[in-house]
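# Coordinate inspection notes
Given next are the chains, with one letter for each unit.
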Amino acid sequence: MQRTLSDRDQAVIWHPYTQMQTAPAPIGIVRGEGARLYDEQGACYIDATSSWWVNIHGHAHPHITTRLAAQAAQLQHCIFAGYTHEPAVALAEQLLPLLPGEQRKVFYSDNGSTAVEVALKMAIQYHANGRDDVAPPRRRLLAFRNAYHGDTFGAMSVSERSVFTKAFDSYLFDVSFLDLPTMENIGRLCDEVDQLAGDTAAFIFEPLLQGAAGMLVYQAAALDLLLKHCRGKGILLIADEIFTGFGRTGKDFAMQHLQTAPDVICLSKGLTGGAIALGVTTCAQHIYDAFLSENKLKTLFHGHSFTANPLACTAALASLELFREPACRQQRQRVSEAHAQFAGWLNNCPSVKNVRQLGTLLAFDVITAGPDTYTNELAAAIHRFFRARKVMLRPLGNTIYILPPYCITNEELEVVYDSVRDFLRETGN
Ligand SMILES: *Cc1c(COP(=O)(O)O)cnc(C)c1O
């Protein structure tokens, strides 16, 4: 008898963020199309979280597939120091003008965490390069409480200390954390920045929306004031748009809700439409210029074997072509309007609180006796319920969020909303 994917998996695979002793057997996925994924028994699942927030145009999109196949026949990979290629150059040419502020250079890497590592290194070395060794360089980094910037050590360091980092906390470098800004606390936050400003290199933040923290939405106007203040103190601004980029928050990039422009931007997730891993760190001209020198020590010594992989860059180019189509904006608008309507229903539901919507994201917290954190026991039950309903929703603790690919149909969205309604009813809520 043929063993299932799921059985074979359990013999040899260790999954991410998964307690392997207690986790249910994984579902073997064999095919994707649009917002749907099919398992090895032929059952169809609606991907209501965009396969970990990366998919924007749907699975196996024919345009991305065709472009990838052509590129695979032409050039799959080549070293990116001393050599270059069309997909990397074309992607940089097309991406930079779309970005908020005046981003002038693209530095490629492999994923979100590496894009963050590159941004931190750029910011730290920017200050070091600009000074002679006499003056102490700005060493400190600022981040928000509850931040999430990735799982490598630098990215973990600028993230909130949490269940994700606990085993490693003593290995992480010190970072100063600020509360999320509101119009009420902005004065205090600016005072805190003043205290730290003298030796602070950069401030890294997820604009408007902290994803992994539990889809926390905060005010653009207050963030804008805080960023202006930081800039006035010579602190570099690193916008981590790995999650918020490419239309998630309603605008193309979350920073476009603000007036202040970032010095550095990190992108990944939706960058290739969710087809292949790719990370990008972009910067303003003055950042790049600070590394130009006869002195080799002022070089940015960072790179990865697969930096600017031509296949990944091609997927990103194809995804950008789809993203720029008016149809994509219409899809985002349609999802966002459907969410707004369902948010109205949720707001009248007594077992639900903190309903929040931003663009194609809709999130809310289920009221439970447990804590409002990632470790809330309800998470496993939520996950099981939706798996059985063939809706891929993976909660963050007691936070349920719906974040579909933009191409999801109205009918598919209704199936997702109905499953949420049933969950809230059937669990006695
Ligand atoms: C997912 C995410 C990252 C890390 O990206 P990976 O590709 O998973 O390493 C960093 N920052 C934010 C805001 C993210 O949502």
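Residues numbered from 1 in each chain as written. Predicted model: local features only at pLDDT ≥ 70, side-chain atom pairs only at ≥ 80, totals over all residues. Heavy atoms only, no water.

For the protein chain, an unreviewed UniProt entry supplies the name Adenosylmethionine-8-amino-7-oxononanoate aminotransferase and the organism Chitinophaga horti. Per UniProt, the protein chain carries the Function (unreviewed entry) text "Catalyzes the transfer of the alpha-amino group from S-adenosyl-L-methionine (SAM) to 7-keto-8-aminopelargonic acid (KAPA) to form 7,8-diaminopelargonic acid (DAPA). It is the only aminotransferase known to utilize SAM as an amino donor." One UniProt comment on the protein chain, placed under Catalytic activity (unreviewed entry), says "(8S)-8-amino-7-oxononanoate + S-adenosyl-L-methionine = S-adenosyl-4-methylsulfanyl-2-oxobutanoate + (7R,8S)-7,8-diammoniononanoate". (UniProt positions renumbered as here; feature names shortened; annotations may be inferred.)

Relative to the elements of secondary structure, His-15 occurs in the loop between helix H1 (5-12) and strand S1 (29-33). A relative accessible area of 26% means that His-15 is categorised as partly exposed. Measuring from C-alpha to C-alpha, the distance between His-15 and Pro-26 comes to 9.2 Å, with eleven residues separating the pair along the chain. Residue contacts for His-15: discarding those within four places in its chain leaves Asp-9, Met-20 and Pro-26. (Helix = DSSP H or I, 4+ residues; strand = E, 2+ residues; numbered from the N terminus. Buried < 20%, exposed > 50% of the residue type's maximum accessible area, 1.4 Å probe, protein only. Contact = heavy atoms within 4.5 Å.)

Before going further, it helps to examine unusual backbone geometry. Among all residues except glycine, the phi angle is most often negative; among peptide bonds, the trans geometry is most common. Even without glycine at this site, Ser-51 takes up a positive phi of about 50°. Tracing the backbone through its elements, the reader meets Ser-51 in helix H2 (residues 50-53). One non-glycine residue, Phe-246, lies in positive phi territory at about 60°. By the secondary structure assignment, Phe-246 is in the loop between strand S10 (236-240) and strand S11 (264-267). Note on Phe-246: relative accessible area 2%, which makes it buried.

We now examine helix H7 (residues 186-196). Among the residues of H7, those classed as buried are Ile-186, Leu-189, Cys-190, Val-193 and Leu-196. An end-on view of H7 places all buried positions within 120° of arc, on one side of the element. (Arc of directions from axis to C-beta.)

Attention now moves to the sheet that holds strand S16 (residues 399-402). Judged by pairing direction, the sheet is antiparallel, and its three strands sit side by side in the order S13-S14-S16 without closing on themselves. Since the sheet does not close on itself, it has two edges, and those belong to strand S13 (352-358) and S16, each with one partner. Each strand axis lies, on average, 15° off the axis of its neighbour in the sheet, ignoring direction. Bridging between S13 and strand S14 (residues 361-366) involves five bridges; their strand directions are antiparallel. From the neighbouring strand, Lys-353 faces S14, where its bridge partner is Asp-365. Strand contacts of helix H11 (residues 326-347): S13, S14 and S16, with the helix running at about 165° to S13, the strand carrying the most contacts. (Pairing = 2+ DSSP bridges. Axes fitted to C-alpha atoms, helices over the stretch in contact; angles between N-to-C directions.)

Turning our eyes to something else, we now look at the site of the ligand. Contacts to the ligand come from Trp-53, Asn-111, Gly-112, Ser-113, Tyr-148, His-149, Gly-150, Glu-206, Asp-240, Ile-242, Phe-243 and Lys-269. Note that an oxygen atom of the ligand is positioned 2.8 Å from one of the backbone N or O atoms of Gly-112. Separating an oxygen atom of the ligand from a side-chain N or O atom of Lys-269 is a distance of 2.6 Å. For the ligand, whose free accessible area comes to 380 Å², the fraction covered by protein is 83%. Class assignment for the residues of the shell around the ligand results in four nonpolar, five polar and three charged. (Near = heavy atom within 4 Å. Polar contact = N/O pair within 3.5 Å; in protein donor to acceptor, adjacent residues only side chain to side chain. Areas by Shrake-Rupley, 256 points an atom, 1.4 Å probe, with all protein chains shown as cover. Nonpolar A, V, L, I, M, F, W, Y, C, P; charged D, E, K, R; others polar.)

This paragraph deals with the packing of H11 against helix H13 (residues 410-426). Running from N to C, H11 and H13 point in directions that differ by 20°, and their axes come no closer than 11 Å. The angle between the axes of H11 and H13 places the two elements in the roughly parallel class. When you trace H11 past H13, the crossing you get is right-handed. The residues of H13 that touch H11, namely those facing Arg-334, Val-335, Ala-338, His-339, Phe-342, Trp-345 and Leu-346, are Asn-410, Leu-413, Tyr-417, Val-420, Arg-421, Leu-424 and Arg-425. Classifying every residue of the contact of H11 with H13 gives nine nonpolar, two polar and three charged. (Parallel < 35°, antiparallel > 145°, perpendicular 65-115°, else oblique. Left-handed = near helix turned anticlockwise from the far one by under 90°.)

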